[in-house]
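# Structural characterization, general
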Amino acid sequence: MEEIGFLGIGIMGRAMAVNLLRHGFKVTVWNRTLSRCDELVQHGASVGETPAAVIKKCKYTIAMLSDPAAALSVVFDKHGALEHICAGKGYIDMSTVDADTSSQISQAITSKGGSFLEAPVSGSKKPAEDGQLVILAAGDKDLYDQVVPAFDVLGKKSFFLGQIGNGAKMKLVVNMIMGSMMNAFSEGIVLADKSGLDPHTLLDVLDLGAIANPMFKMKGPAMIKNSYPPAFPLKHQQKDMRLALALGDENAVPMPVAAAANEAFKKARSLGLGDHDFSAVFETLSK
Ligand SMILES: NC(=O)C1=CN([C@@H]2O[C@H](COP(=O)(O)OP(=O)(O)OC[C@H]3O[C@@H](n4cnc5c(N)ncnc54)[C@H](OP(=O)(O)O)[C@@H]3O)[C@@H](O)[C@H]2O)C=CC1
Ligand SMILES: O=CCCC(=O)O
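Residues numbered from 1 in each chain as written. Chains lettered and ligands numbered in written order. Predicted model: local features only at pLDDT ≥ 70, side-chain atom pairs only at ≥ 80, totals over all residues. Heavy atoms only, no water.

### Some remarks on the site of ligand 1
In the vicinity of ligand 1 lie 27 residues, with N31, T33, S124, A231 and K239 positioned nearest. Between an oxygen atom of ligand 1 and a main-chain N or O atom of S66, the distance comes to 3.0 Å. Coverage of ligand 1 by the protein chains reaches 89% of its 900 Å² of free accessible surface. If you list the elements that add at least two residues to the shell around ligand 1, you get α1 (11–22), α4 (68–76) and α11 (234–250). Residue contributions to the shell around ligand 1 peak at 3 residues, all from α4. A class-by-class count of the residues in the shell around ligand 1 yields 12 nonpolar, 11 polar and 4 charged. (Near = heavy atom within 4 Å. Polar contact = N/O pair within 3.5 Å; in protein donor to acceptor, adjacent residues only side chain to side chain. Areas by Shrake-Rupley, 256 points an atom, 1.4 Å probe, with all protein chains shown as cover. Helix = DSSP H or I, 4+ residues; strand = E, 2+ residues; numbered from the N terminus. Nonpolar A, V, L, I, M, F, W, Y, C, P; charged D, E, K, R; others polar.)

### Structural notes on the packing of aromatic side chains
Two aromatic rings are characterised by how far apart their centres lie and by the angle between their planes. Applying the stated criterion across every chain, the model contains 5 aromatic pairs. Ring centres 6.2 Å apart and planes at 20° place the aromatic pair Y91 and F116 in the stacked group. Here Y91, found in strand β5 (residues 90–93), pairs with F116, found in strand β6 (residues 115–118); they are 25 residues apart in sequence, far enough to count as distant. Summarising the burial analysis for this pair, Y91 and F116 share the class buried. Centroid distance F185 to F216: 4.0 Å. Interplanar angle 10°. Geometry classified as stacked. (Phe/Tyr/Trp six-rings, centres within 6.5 Å; stacked < 30°, edge-to-face > 60°. Buried < 20%, exposed > 50% of the residue type's maximum accessible area, 1.4 Å probe, protein only.)

### Considering the packing of helix α9 (residues 199–208) against helix α10 (residues 214–224)
Here α9 crosses α10 at 175°, and the two axes come no closer than 10 Å. In terms of orientation, α9 and α10 fall into the roughly antiparallel class. For the pair α9 and α10, contact is made by P199, H200, L203, L206 and D207 and by F216, K217, G220, P221 and I224, respectively. Its residues assigned to classes, the contact of α9 with α10 comprises 6 nonpolar, 2 polar and 2 charged. (Axes fitted to C-alpha atoms, helices over the stretch in contact; angles between N-to-C directions. Parallel < 35°, antiparallel > 145°, perpendicular 65-115°, else oblique. Contact = heavy atoms within 4.5 Å.)

### A short note on the UniProt feature "domain: 3-hydroxyisobutyrate dehydrogenase-like NAD-binding" (unreviewed entry) in the protein
When the UniProt feature table is mapped onto this chain numbering, "domain: 3-hydroxyisobutyrate dehydrogenase-like NAD-binding" (unreviewed entry) sits at residues 165–283. Structurally, residues 165–283 comprises 70% helix and 0% strand, and the distance from its first C-alpha atom to its last is 34 Å. (UniProt positions renumbered as here; feature names shortened; annotations may be inferred.)

### Quick notes on the nonpolar core
Core analysis: the biggest nonpolar cluster contains 35 residues, and F6, M16, L20, V29, I92, M94 and F151 have the highest contact counts within it. Those elements giving two or more residues to this core turn out to be β1 (4–7), α1, β2 (27–30), β4 (60–63), β8 (133–139) and α7 (141–154). Setting aside its immediate chain neighbours within four residues, M94 contacts M16, I62, A63, M64, A119, P120, V121, I135, F151 and L154. Formed by 29 residues, the second largest nonpolar core is a distinct cluster that contains F216, A244, A268 and V281. (Core = buried A, V, L, I, M, F, W, Y, C linked by side-chain atoms within 4.5 Å.)

### Focus on the pairing of strand β9 (residues 155–160)
As paired strands, β8 and β9 are joined by 5 bridges and run parallel to one another. Note that in β9 the partner of V134 across the bridge is K157. In the classification by handedness, the crossover that spans β8, the intervening α7 and the parallel β9 is right-handed. (Pairing = 2+ DSSP bridges. Right-handed = clockwise from strand over helix to strand, strands pointing away.)

### As for helix α12 (residues 256–270)
Compared with an ideal rise of 1.5 Å per residue, which puts 15 residues at 21 Å, α12 spans 21 Å between its outermost C-alpha atoms and is within 8% of the ideal. Burial in α12 covers these residues: A258, A261, N262, A264, F265 and A268. The arc that holds the buried residues of α12, viewed along the axis, is 160°, so those residues lie on one side. Residues P256 and S270 are exposed on α12 and point more than 90 degrees away from its buried face. (Expected span 1.5 Å × (residues − 1). Arc of directions from axis to C-beta.)

### Focus: the pairing of β4
Of the two faces of β4, the one lined by Y60 and I62 and the one lined by T61 and A63 are each fully buried. Bridge analysis of β1 against β4 gives 4 bridges, and the strand direction is parallel. Within β4, the position partnered with G5 by the bridge is T61. Where β4 and β5 come together, 4 bridges link them in parallel fashion. Bridged to A63 within β5 is D93. Taking the sense of rotation as the criterion, the β-α-β connection linking β4, α4 and β5 turns out right-handed.

Pasting the structure below:
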């Protein structure tokens, strides 16, 4: 494949770009805080001074940015991706955003002759490091086919979901379920503890039953120790709950469980826990 541009070297972008480099891809990176690119240079990456410079150099550019505002800013602002997008170039936004944001980016890119794919991912820091993400792509099928070699490195499975917006919506539905589950799990741990049970035994029981899952298994022991090293920052999970609830509004879908979970994540943010892992929502109950 041609050289790949990578915009956004946060928790996920860093892991994904390193993974591409490890598999022999040439990668040019950019990050708003440029110093975060230094480590990538050690792994063999080149650095672009602006998103526009990266687009100019690379046939394909991936973005992995925090939220809709960041995704839009990197495309539309001065020295943004749009400045050098043209026919023959592909832009792949893997950030978790809403369908409307994705459509705005798609329209801007395609109106300049470029091609666009949204491709948010399931899986967190460790799956990103290990190339085990689940990729939820939608948009330009030709571009999808061209970047499959990169997706094969980044993920264990890619879905092509059709028209723009379908990848964004699928991702929000999945994360809405995950955020609600995390709240129920937190309540269960506190209930076990306060009613005289050993929370570690609860984890063992859960792990053997019908609701066993990697999230409970990985995060439970650290939560019991009130430890929340960020893999998926809580502020991003709350953003996803907010965007999923808006999708519920649009479709007149009642979501009382997700709405309550969103309030708990908002409470956690108000306690200053936004940069901790999203499992820190546990603190809203244990305090
Ligand atoms: N962490 C996870 O487990 C997962 C996260 N996601 C999604 O992936 C995306 C990235 O997540 P993650 O890596 O965890 O987040 P981080 O907070 O670690 O990184 C966010 C990135 O966005 C950049 N950024 C933020 N605001 C702006 C802006 N206004 N203009 C330009 N760049 C900006 C940051 O740059 P700077 O360094 O300068 O702040 C940084 O590169 C999010 O949409 C998240 O929801 C999806 C799956 C899993
Ligand atoms: O968006 C973040 C998802 C985290 C995960 O799937 O484990």
